[in-house]
Amino acid sequence: MSGEAVEKPMLILKDVHKFYGNNEVLKGISLEVKEGELVTFVGPSGCGKTTLLRLIGGFTEISAGDIILDGKRINDLPPNLRDTRICFQNYALFPHMTVAENVGYGLRINGWSKENIRARVNDLLEMVELQAFGDRMIDRLSGGQQQRVAFARAISLEPKVLLLDEPLSNLDANLRLIMREEIRKLQKRLHITTVFVTHDQFEAMAISDRLVVMRDGLIEQVGSPIEIYERPANRFIAAFVGYVNFIDGRITSIDKATRSTLVETEHGRFEIALEQDDIDQGDDVLMVVRPESITLSLDFGIKRPNVVCGTLKSYMYAGSLAKCTVVIGTMKMIVDQYNPSDAHHFKQAEKVEVEIPRRVHLLKKKR
Amino acid sequence: MARAEYSLKLQAGSGSRIKDFLNANLINILAALLFLLLAFFLLYPIIAVLIKSIRGPSGFTLEYYRAFFTKNYYYRSLFNTLLLGTINTVVCLVIGFCLAYMTTRGPYLLRKPLKVISLVPLIAPPYLFALSLIILFGRNGLVTRMFDLHWQLYGFAGVVISQTLAFIPLAYMMLENTLMSLNPNLEESAYDMGASEATILRTITIPLMAPGLLKAALLIFVMTIAEFGNAAILAGRTPFLAPDTYTMITGESDFNMGSVLSVVLIAPCIIIFFVHNYLLEGKKFTTIGGKPVASEPRKITPIIKIPLIIVTTMATGAIFICFAVVLAASFYKILGVTDKFILANYLDFTSNQAIANSIRVSFVAAVIGAVIGVLLAYVIVRGKFFGRTFIEMASLSGFALPGTVLGIGYLLAFSAPPLKLTGGIMILALNCVFRFLAVGVEAGISKLHQIHIEIEEASADLGASFLTTFYKIVLPIMFPAFIAGFIYTFMTAIVSLSAVVFLVSPGFQLAAVKIFDAAVYGEIGIASATTIKLILIVMLCMAVLNYITKKTRLGSGLKQPVA
């Protein structure tokens, strides 16, 4: 999927640090963003993602390190001389100008002729499907329309890097889904290198070529949505990108040929198809079991591999999915049962079986 | 059965008719009482001035107005006043803008010190600047003697300079407020699109500030043309409306002409009030929500930066020097002439007597003002009766009215029966109460807006009568507003000059008037020491207010989520 991107770094961050007084909010960020790629900074609030974005845009001064845009170091360039454009969370549309004047602002500043501005603004408004709204004042637009204007204004000068700071957070849930698809479509069509900031991990996974998961001023992991979700680097990331059940265990044997691995846990022994190279026999590990990968069935008392018995504590039916809580010994396990056609059986059930899949990601515990 | 009886009793009320009547109508009774007070102590004096201006010895006449518009002297007085207002407004806005821009967009290091110095004049009586200009540039002034200059401080220039310095804080506060409320992302977006600092200012910042700028301009204009102290001390032979009114009354006892001058002074205030309401109708640029981020410092280009730095340095430097010379002058008989360090100015009996009187008057004014202010605020916010808007406008208007007008008005209204108050402490206190009523009312209104009506409804719902609710719920919640109203009224009253100067009696001098007299008669040491004492009192008040605010969380208080 990300193979379409040309393998040329458009934006390079080298060991970027940012201090506010004695408070270090960015503690050494290094990253390459390829041309045409959409990279998302995601992390809990206060992790430094917005600061990093503002730093790339030139609104915040860098304390140490380098920012390289298309081969040129831009550390000391003010925003008006950088070929980056930002789209703020609150859109920052100029309330004293019309839609067309907003979109054409950058063109006017950069000395475009009146006819060229008109033509370009028309194209841009067409692109975001607001042709009829050029003469409107900003406060007469809906949230989604304002978002489109902000986007059109940001891409008007065809920046080398587009910076989007939580652009969807002011929209309601449905509109957010629609807009994120539209942004992604336009971004791909125009092939604009884009840095997207969000605290919404699902939005991040849906829209990005690559995710940069940040915490506490540091990058925790960089990877495609699939990599981050299926092979998280640590416990924090595993829990950050979706719900997860952790099971403590120890590797008792690894079959050299088939990579079939046995993990001994408090709740029994599980057989895993090991995909990682960094795990050896005798290692203490954390099994990362996603709720939707578990199979839930009624307990008929027949012993099978990778199956443990438990008590169904709650069963919340929500149409396409049922959210269940199963207590196994001292552990509470969350299970998502998709397409729960036999829900009525579980509604009354108490004893259930839980089957852990063979494909489970393992996190090695530090000794 | 018992239950039914109980609910019957609830419907029937408490049994006492008077109590029931009070419960049902208290807010209206309150409103009526307050209306009477406003009418008697605010409107009646103003009307008295209007009537005096059109009533001669033989009944109705426009003779006095004819005199005003035909005599060259009055015409010049009007012209000077309007010119002063215009120059002052423009200069104050420019300086205020530069200061506000630096404290909201400039380097972090400069923000705090600039802000503090810009606001410092608030703790001093505005005529401090007239005094310091005399100390520096007067006939015996430090600078005048040092360079053996032969210039004339007294006149138009002196008034303009002192007035400008006095109104910098007001301009600064209003413009800082406007700049702070601008979403910083707007300017950043323009910056991001390639605009330079100057272009951002021209295309984004100033257009978006326009309503705020206009509002500040109108207010400063009204305040400066009405301001009495600096003009009275430094005008010399140059006529200005406010001090001329004073000379007309005290020097020539010509109440008719004095009233005409006052009416002429009110006229621009009223015109501007309506212009302001008309112009700003719905003209507020609202920006889309999101977290307001404090503006980060920008690399301001030299073309903008150098003028900014020059203006802010000069303004803050001038303010600083003015305070410093008054402090220095308070320790000498005449600074620069006699060089013996003395404390006599601080020990001066008449000065201390005047300070004591001022404290008494301001205290009485503050108590009454805070009570009426809180009650008025309650009636304005919660009341639903005919004339509510009128009461609100009336109670807030005292502040914008020229002090001289209310001074003459009180002289005219209360020097003869039915209510003869002249010569006592009450006329001074009441004058301050109704001039500065806006202070207490504003404090009360802002407090009430934080309290949801639901709290009172909840109390009523639980069975409390209106009286009980008011007594048990509203008053305790309003108490911080009362304290704030008290201290603000006290601080404002103790330095005010323009109205009380008409009302003091020879045996009962006030500090502000003492400073004024001493400055006029060249007793610079006494004037300076008295000023410093006033500053210390105001600083003490602010410290107390600060302490209480922190203790009771008066500022944030019971904040309710806004639905």
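Draft legend 1. Structural view of the overall build of chain B. Counting its regular elements, chain B contains 25 helices and two strands. Its C-alpha radius of gyration of 26 Å places chain B within 12% of the 24 Å reference for a compact globule of 563 residues. With 563 residues in all, chain B has 46% of them scored as buried. Once local pairs closer than 6 in sequence are excluded, the contacts in chain B between residues at least 24 apart make up 82%.

Draft legend 2. Region of interest: the overall build of chain A. When helices and strands are tallied, chain A shows nine helices and 20 strands. Seen through its principal axes, chain A has C-alpha atoms that stretch 80 × 45 × 40 Å. For chain A, the residues scored as buried account for 39% of the 367 residues in total. Across chain A, the fraction of contacts at a sequence separation of at least 24, relative to all contacts at a separation of at least 6, is 65%.

Draft legend 3. Highlighting the domain arrangement of chain B. Residues and elements named next belong to chain B. Structurally, chain B comprises domain 1 (19-52 + 359-506) and domain 2 (61-131 + 149-308). The gap between the C-alpha centroids of domain 1 and domain 2 is 28 Å. With 16 residues of domain 1 at the contact, the number on the domain 2 side is 20 residues. In terms of residue count, the dominant contributor to the side of domain 1 that touches domain 2 is helix 18 (residues 403-414) (five residues). A breakdown of the residues in the side of domain 1 that touches domain 2 according to their chemical character gives 12 nonpolar, three polar and one charged.

Draft legend 4. Fine view of helix 12 (residues 241-251) of chain B. Residues and elements named next belong to chain B. Summarising burial for helix 12: eight of the 11 residues are buried, a large majority. Of the residues making up helix 12, those classed as buried are Leu241, Ala242, Pro243, Asp244, Thr245, Tyr246, Met248 and Ile249. Phi turns positive one or two residues past the end of helix 12, at Ser253, with a value near 50°.

Draft legend 5. Representation of the domain arrangement of chain A. Residue and element names in this part refer to chain A. By the assigned domains, chain A splits into domain 1 (2-240) and domain 2 (245-364). Between domain 1 and domain 2, the C-alpha centre-to-centre distance is 39 Å. On the domain 2 side, the residues contacting the six residues of domain 1 number five residues. For the side of domain 1 that touches domain 2, the per-class residue count stands at two nonpolar, one polar and three charged.

Draft legend 6. Representation of the interface of chain A and chain B within the structure. Contact residues are listed per partner, giving 23 residues for chain A and 24 residues for chain B. Elements that contribute at least two residues to the side of chain A that touches chain B include exactly strand 6 (84-87) and helix 2 (99-109) of chain A. The dominant element in the side of chain A that touches chain B, judged by the number of residues it contributes, is helix 2 of chain A, at three residues. Taken together, the residues of the side of chain A that touches chain B sort by class into 11 nonpolar, 10 polar and two charged.

Draft legend 7. Highlighting the environment of B:Val222. Relative to the helices and strands, B:Val222 resides in helix 10 (residues 197-226). Taking the C-alpha atoms as reference, B:Val222 lies 9.2 Å from B:Leu265; in sequence the two are 43 residues apart.

Draft legend 8. Region of the structure containing the pairing of strand 18 (residues 331-338) of chain A. Residue and element names in this part refer to chain A. Sheet topology places strand 17 (residues 321-328) next to strand 18; eight bridges connect them, and they run antiparallel. Following the sheet pairing, Ala322 is matched in strand 18 by Gln337. Connecting the antiparallel pair strand 17 and strand 18 is a turn made up of two residues, with Gly329 showing a positive phi of about 60°.

Draft legend 9. The arrangement of the sheet that holds strand 1 (residues 9-20) of chain A in detail. Residue and element names in this part refer to chain A. Sheet architecture is open: four strands sit in the order 2-1-4-5, paired in antiparallel fashion. Edge positions in the sheet fall to strand 2 (23-34) and strand 5 (72-73), since each has one partner strand and no second. The pairing of strand 1 with strand 4 (residues 64-69) spans five bridges and is classified as antiparallel. By the bridge assignment for strand 4, Ile12 is matched with Ile68. Together, strand 1, strand 2 and strand 4 form the strand contacts of helix 1 (residues 49-57), whose direction differs from that of strand 2 by roughly 65°.

Draft legend 10. View of the nonpolar core. Judged by nonpolar contacts, the single largest core of 257 residues is most densely connected at B:Ala171, B:Val500 and B:Phe516. With 15 residues, helix 16 (residues 349-382) of chain B is the single largest residue contributor to this core.

Draft legend 11. Structural view of the sheet that holds strand 11 (residues 245-254) of chain A. All names here are of chain A. Spatially, the five strands line up as an open sheet ordered 13-12-11-14-20, and their pairing is antiparallel. One side of each edge strand has no neighbouring strand; the edge strands of this open sheet are strand 13 (268-273) and strand 20 (361-364). Strand-to-strand twist of the sheet, defined as the mean angle between neighbouring strand axes without regard to direction, takes the value 40°.

Draft legend 12. Up close: the packing of helix 6 (residues 128-137) of chain B against helix 14 (residues 302-329) of chain B. All names here are of chain B. One can describe the packing of helix 6 onto helix 14 by two numbers: an axis separation of 9 Å at closest approach and a directional angle of 75°. Looking at the two axes, helix 6 sits roughly perpendicular to helix 14. Counted together, Leu128, Phe129, Leu131, Ser132, Ile135 and Leu136 of helix 6 and Cys322, Val325, Val326 and Ala329 of helix 14 form the full contact between these two elements.

Draft legend 13. Layout of the pairing of strand 9 (residues 210-215) of chain A. Residues and elements named next belong to chain A. When you tally the buried positions in strand 9, you get five out of six residues, the bulk of the element. As judged from the four bridges shared by strand 3 (residues 38-42) and strand 9, these two strands associate in the parallel manner. Bridging across to strand 9, Thr40 finds its partner in Leu211. Note that strand 9 and strand 10 (residues 218-223) share five bridges and pair antiparallel. Residue pairing across strands places Val212 opposite Val222, the latter belonging to strand 10. Here strand 9 folds back onto strand 10, and the loop between the two strands holds two residues, one of which, Asp216, carries a positive phi near 55°.

Draft legend 14. Broad picture of unusual backbone geometry. All names here are of chain A. The phi dihedral of Ala92 falls on the positive side, at around 50°, and the residue is not glycine. Mapped onto the secondary structure, Ala92 falls in the loop between strand 6 and helix 2. Take Ala92: there are 26 C-beta atoms within 10 Å of it, and that puts it in the buried class. Not every positive phi belongs to a glycine, and Asn339 is a case in point at roughly 50°. As for its position among the elements, Asn339 is in the loop between strand 18 and helix 9 (343-348). According to the C-beta neighbour criterion, Asn339 is exposed, with 10 such atoms within 10 Å.

Draft legend 15. Quick look at helix 18 of chain B. All names here are of chain B. If you check helix 18, its first and last C-alpha atoms are 16 Å apart, about what 12 residues at 1.5 Å a residue would give, namely 16 Å. When you tally the buried positions in helix 18, you get 12 out of 12 residues, the bulk of the element. Turning to helix 18, its buried residues are Gly403, Thr404, Val405, Leu406, Gly407, Ile408, Gly409, Tyr410, Leu411, Leu412, Ala413 and Phe414.

Draft legend 16. Geometry of the environment of A:Ala132. Within the secondary structure layout, A:Ala132 lies in the loop between helix 3 (114-127) and helix 4 (143-155). Residues A:Ala132 and A:Leu93, spaced 39 residues apart in sequence, show a C-alpha to C-alpha distance of 18 Å.

Draft legend 17. Region of the structure containing the environment of A:Pro78. All names here are of chain A. Take Pro78: it is sitting in the loop between strand 5 and strand 6. When the 16 C-beta atoms within 10 Å are taken as the criterion, Pro78 is described as partly exposed. In the structure, Pro78 is positioned 144 residues away from Val222 in sequence and 28 Å away in space, judged by C-alpha atoms.

Draft legend 18. A look at the confidence of the model for chain A. Scored by pLDDT, chain A has a mean of 90; 98% of the residues are at 70 or more. The least confident element of chain A, judged by mean pLDDT, is helix 9 of chain A at 74; the most confident is strand 3 of chain A at 96.

Draft legend 19. Representation of the confidence of the model for chain B in the model. Residue and element names in this part refer to chain B. Model confidence for chain B is summarised by a mean pLDDT of 84, while 91% of its residues fall at 70 or above. A low-confidence stretch, residues 554-563 (pLDDT under 50), is modelled with 16 contacts involving residues beyond four sequence positions or located in other chains. In the predicted complex, the global pTM is 0.83; the interface-specific ipTM is 0.84.

Draft legend 20. Local environment of the packing of helix 4 (residues 72-105) of chain B against helix 10 of chain B. Residue and element names in this part refer to chain B. Put simply, helix 4 and helix 10 touch, their axes get as near as 8 Å, and they point 140° apart. In terms of axis orientation, helix 4 runs oblique to helix 10. In the packing of helix 4 onto helix 10, the handedness of the crossing is right-handed. Here helix 4 contributes Thr81, Leu82, Leu84, Gly85, Asn88, Thr89, Cys92 and Leu93 to the contact with helix 10, which in turn contributes Leu213, Ala216, Ala217, Ile220, Phe221, Thr224 and Ile225.

About the cut-offs
Residues numbered from 1 in each chain as written. Chains lettered and ligands numbered in written order. Predicted model: local features only at pLDDT ≥ 70, side-chain atom pairs only at ≥ 80, totals over all residues. Helix = DSSP H or I, 4+ residues; strand = E, 2+ residues; numbered from the N terminus. Rg over C-alpha atoms; globule rule 2.2 N^0.38 Å. Buried ≥ 20, exposed ≤ 12 C-beta atoms within 10 Å, placed from the backbone. Contact = placed C-beta atoms within 7 Å. Domains from an automatic or database assignment. Nonpolar A, V, L, I, M, F, W, Y, C, P; charged D, E, K, R; others polar. Pairing = 2+ DSSP bridges. Axes fitted to C-alpha atoms, helices over the stretch in contact; angles between N-to-C directions. Core = buried A, V, L, I, M, F, W, Y, C linked by C-beta atoms within 7 Å. Parallel < 35°, antiparallel > 145°, perpendicular 65-115°, else oblique. Expected span 1.5 Å × (residues − 1). pLDDT = per-residue confidence, 0-100. Left-handed = near helix turned anticlockwise from the far one by under 90°.

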